[in-house]
Amino acid sequence: MTDIASTELQASPPSGAWLRILALLYDPFLWLGEIAGMRSRRSALLGNARGRVVEIGAGTGLNVAHYPDGIAELVLTEPDAAMRRRLARRLQRHGRVARIVDAPAERLPLADASVDTVVSTLVLCTVNDPERTLGEIARVLRPDGQLLFVEHVRASSRFLAACQDNLLQPWRRFAGGCRCNRPTVELMRACGFAIAADEVVWRGMPAIVHPLVFGRAIR
């Protein structure tokens, strides 16, 4: 854990100019990974969303088409302006009603215990303060609320984990701040979440982000 943290501190964040370019490249870059299984995982996971739903780091809106019609409200938080523009266009294309909020996952402008479902897909690797983010998720969830997630995580293979460590800095610059070696499941449990999750391979993507976990967590 200490080695991972020190490696993250050495990695420089992506530039604002690159983030604007990344908003354009994001969907094409994920295209093969989506058709190789991620799209079906999004659909299976988000079919369990209920009540008032808040998605953190909604990005370009790849989850939008997969939310069930019966949810009470959909709130999409996204701190990057270029991503928000693409998100708004995707909502229009799908005829989906949702509220887009300019907010980082570490500071959600939502009342305590006001949300039934929080959704996080490929987000907890990018936030600067994962413990604070998980604390915010716990704060806004109702006592019977749930966190639905798909996240890539630190590999269990020593060789692949070493590759993640060594490639952390260039990957983080390229991938919008993603820390490919973050032990997200362990962090979730340390923050008081009980987790039911499956481990799979994110096919169609670079090997350093192959290890995926997807499932459900409760406080």
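The coordinates are above.
Residues numbered from 1 in each chain as written. Predicted model: local features only at pLDDT ≥ 70, side-chain atom pairs only at ≥ 80, totals over all residues. Heavy atoms only, no water.

## What about the overall build of the protein chain?
Alright, step 1. Along the protein chain, the regular secondary structure elements total 7 helices and 7 strands.
Alright, step 2. Across the protein chain, helices and strands are ordered from the amino to the carboxyl terminus as α-α-β-β-α-β-β-α-β-α-α-α-β-β.
Alright, step 3. Since a compact globule built from 219 residues should have a radius of gyration of about 17 Å, the 16 Å found for the protein chain is in line with a globular shape.
Alright, step 4. Expressed along its principal axes, the backbone C-alpha trace of the protein chain runs to roughly 45 × 35 × 30 Å.
Alright, step 5. In the protein chain, which comprises 219 residues, the share counted as buried stands at 51%.
Alright, step 6. The long-range fraction of contacts in the protein chain, counting pairs at least 24 apart against all pairs at least 6 apart in sequence, stands at 71%.
Alright, step 7. Working note: accessible area of the protein chain is about 10,100 Å², and carbon and sulfur atoms make up 54% of it.
Alright, step 8. The averaged location of the 22 negative side-chain charges in the protein chain is 4 Å from the averaged location of its 28 positive side-chain charges. (Helix = DSSP H or I, 4+ residues; strand = E, 2+ residues; numbered from the N terminus. Rg over C-alpha atoms; globule rule 2.2 N^0.38 Å. Buried < 20%, exposed > 50% of the residue type's maximum accessible area, 1.4 Å probe, protein only. Contact = heavy atoms within 4.5 Å. Areas by Shrake-Rupley, 256 points an atom, 1.4 Å probe, with all protein chains shown as cover. Lys, Arg positive; Asp, Glu negative; His and termini not counted. Charge placed at Lys NZ, Arg CZ, Asp CG, Glu CD.)

## Structural notes on a positive patch on the surface
Alright, step 1. Taken together, the side chains of R20, R85, R89 and R93 present a region of like positive charge at the surface.
Alright, step 2. In terms of residue count, helix α3 (residues 81-94) provides more of the positive patch than any other element does, 3 residues in total.
Alright, step 3. Secondary-structure assignment places R93 in helix α3.
Alright, step 4. When its relative accessible area of 57% is taken as the criterion, R93 is described as exposed. (Patch = residues over 30% accessible without salt bridge, like charges linked within 9 Å, V, L, I, M, F, W, Y side chains within 5 Å. Salt bridge = Lys/Arg side-chain N within 4 Å of Asp/Glu carboxyl O.)

## Observations regarding the pattern of salt bridges
Alright, step 1. All chains considered together, the criterion is met by 10 salt bridges.
Alright, step 2. Note that R90 is salt-bridged to D27, the shortest N-O span being 3.0 Å. Linking R90 in helix α3 with D27 in helix α2 (residues 16-46), this pair joins segments that are 63 residues apart in sequence.
Alright, step 3. Note on D27: relative accessible area 15%, which makes it buried.
Alright, step 4. D116 serves as the salt-bridge partner of R142, at 2.8 Å between the closest nitrogen and oxygen. Here D116 lies in strand β4 (residues 115-121) and R142 lies in strand β5 (residues 141-152), a separation of 26 residues in the sequence.
Alright, step 5. Each of R52, E73 and R99 takes part in a single network of salt bridges with overlapping partners.

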